[in-house]
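# What the coordinates show
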Amino acid sequence: MDKFVTRHRKRSAVEADEWKTEEPFKKYKEECEVEEEFSQPIPWQKIEAEGLDCDYSLLFDKEAADHLFNQLEEEVEYFAGDKAKLQVYGKSYSVPRKQATYGDEGLMYSFSGVHLLAKPWTPTLERIRDAVTKTTGHTFNFVLINRYNDGHDHIGEHRDDERELDPACPIASVSLGAARDFIFRHKNARTGSNKLQIKPVKLELAHGSLLLMNYPTNTYWYHSLPVRKKVKMPRINLTFRRIVKNRQKTGI
């Protein structure tokens, strides 16, 4: 991966010619405006490939990250029952990790046949959200939390490209707990006889780290957190997003 660089300006997230008209993008861009300079600049590691644009850094030191992890263990209420399952080709499967959603009132996130309504922000989630905003200049109104008990818990290849997500805002992924491998794979390099020879991009997400997935990463690249049987400790991942209310699906 590239060397660390201090980055003070965020470039435009979406080019107008990616949309049928310029108006939708202008609207979302205004709602998710980025500061000229970050409030609290930190050293960023730029990660780039064909259609992939990410920024990575350590947001919290070990002491702060340890404290946040312990607080989340006390505060977060994870889904159970049907909310802990997903639908794949009409079949129901248990999610191989724990999940929870928090955010502004009335927000809902839908994927794989599951509709998850946000619970109110907890004090610790507000603290982490505000730290991400101060560091990146972006505001977020929703967070999806995944808790991995050990290296057997995982998440398969997918893209965070749901229609209710604001296209002008990156997805900010905060990792706490055990370091885990995080793998990007280009959509045209996954399957089929005509698949392209594009190498996957592998990262190790450290305790206290922040990964920004900028546009157009989720358009072209799938990502996953594969099984790592040697990992014995838990990990909590928080992906902060901005949901556009009038683009939400109605499923509850």
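This report concerns the structure included in the present document. (Residues numbered from 1 in each chain as written. Predicted model: local features only at pLDDT ≥ 70, side-chain atom pairs only at ≥ 80, totals over all residues. Heavy atoms only, no water.)

### Let's talk about the packing of aromatic side chains
Test applied: Working definition: a ring pair exists when centres of Phe, Tyr or Trp rings (six-membered ring for Trp) sit within 6.5 Å. Plane angles under 30 degrees give stacked, over 60 give edge-to-face, the rest tilted. In this text, helices come from DSSP runs of H or I with a minimum length of four residues, and strands from runs of E with a minimum of two, each type numbered from the N-terminal end. Relative accessibility decides the category of a residue: with a 1.4 Å probe and only protein chains considered, values under 20% of the type maximum give buried, values over 50% give exposed, and everything between is partly exposed. Criterion for a charge above a ring: Lys NZ or Arg CZ within 6 Å of the ring centre, and within 35 degrees of the ring normal.
A full pass over the atoms with the stated rule returns four aromatic pairs. Between tyrosine 109 and phenylalanine 142, the ring centres sit 5.7 Å apart and the planes meet at 45°, which makes this aromatic pair tilted. Separated by 33 residues along the polypeptide, tyrosine 109 in strand β7 (residues 108–111) and phenylalanine 142 in strand β9 (residues 142–148) bring together distant segments of the chain. Judged by its relative accessible area of 0%, phenylalanine 142 falls in the buried class. Seen in terms of ring centroids, tryptophan 121 and phenylalanine 240 are 6.4 Å apart; in terms of plane orientation they differ by 10°. Their pairing is stacked. In this pair, tryptophan 121 is assigned in the loop between β8 (114–117) and α3 (123–136) and phenylalanine 240 in strand β16 (residues 235–241), connecting sequence segments 119 residues apart. We note lysine 119 situated over the ring of phenylalanine 79; from NZ or CZ to the ring centre the distance is 4.3 Å.

### Here we look at the side chain of threonine 124
Selection rule: The definition of a polar contact used here is a pair of N or O atoms within 3.5 Å, where within protein one atom must be able to donate a hydrogen and the other to accept one, and adjacent residues in sequence count solely through side-chain atom pairs. Every residue pair with non-hydrogen atoms within 4.5 Å of one another is taken to be in contact.
In this fold, threonine 124 is placed in helix α3. Overall, threonine 124 belongs to the buried group, its relative accessible area being 6%. Polar side-chain contacts of threonine 124 include one of 2.8 Å to the side chain of glutamate 75. Filtering out sequence-adjacent residues up to four positions away, threonine 124 remains in contact with Leu68, Gln71, Leu72 and Glu75.

### So, the sheet that holds strand β10 (residues 155–158)
Whenever strands of a sheet pair, they do so through backbone hydrogen bonds, lying parallel or antiparallel. For clarity, the cut-off: Whether two strands pair comes down to DSSP finding at least two bridges between them. Only the stretch in contact is used when a helix axis is fitted, and all axes are lines through C-alpha atoms; the angle between N-to-C directions ranges over 0 to 180 degrees.
Reading across from one edge, β10-β15-β12-β13 is the order of the four strands in this open sheet, with antiparallel pairing throughout. The sheet is open, and its two edges are formed by β10 and β13 (201–205), each paired on a single side. The sheet shows a mean angle of 15° between the axes of neighbouring strands, taken without regard to direction. Summarising the sheet, strand β12 (residues 180–186) and β13 pair through five bridges and their orientation is antiparallel. Paired with phenylalanine 184 across the strands is valine 201, a residue of β13.

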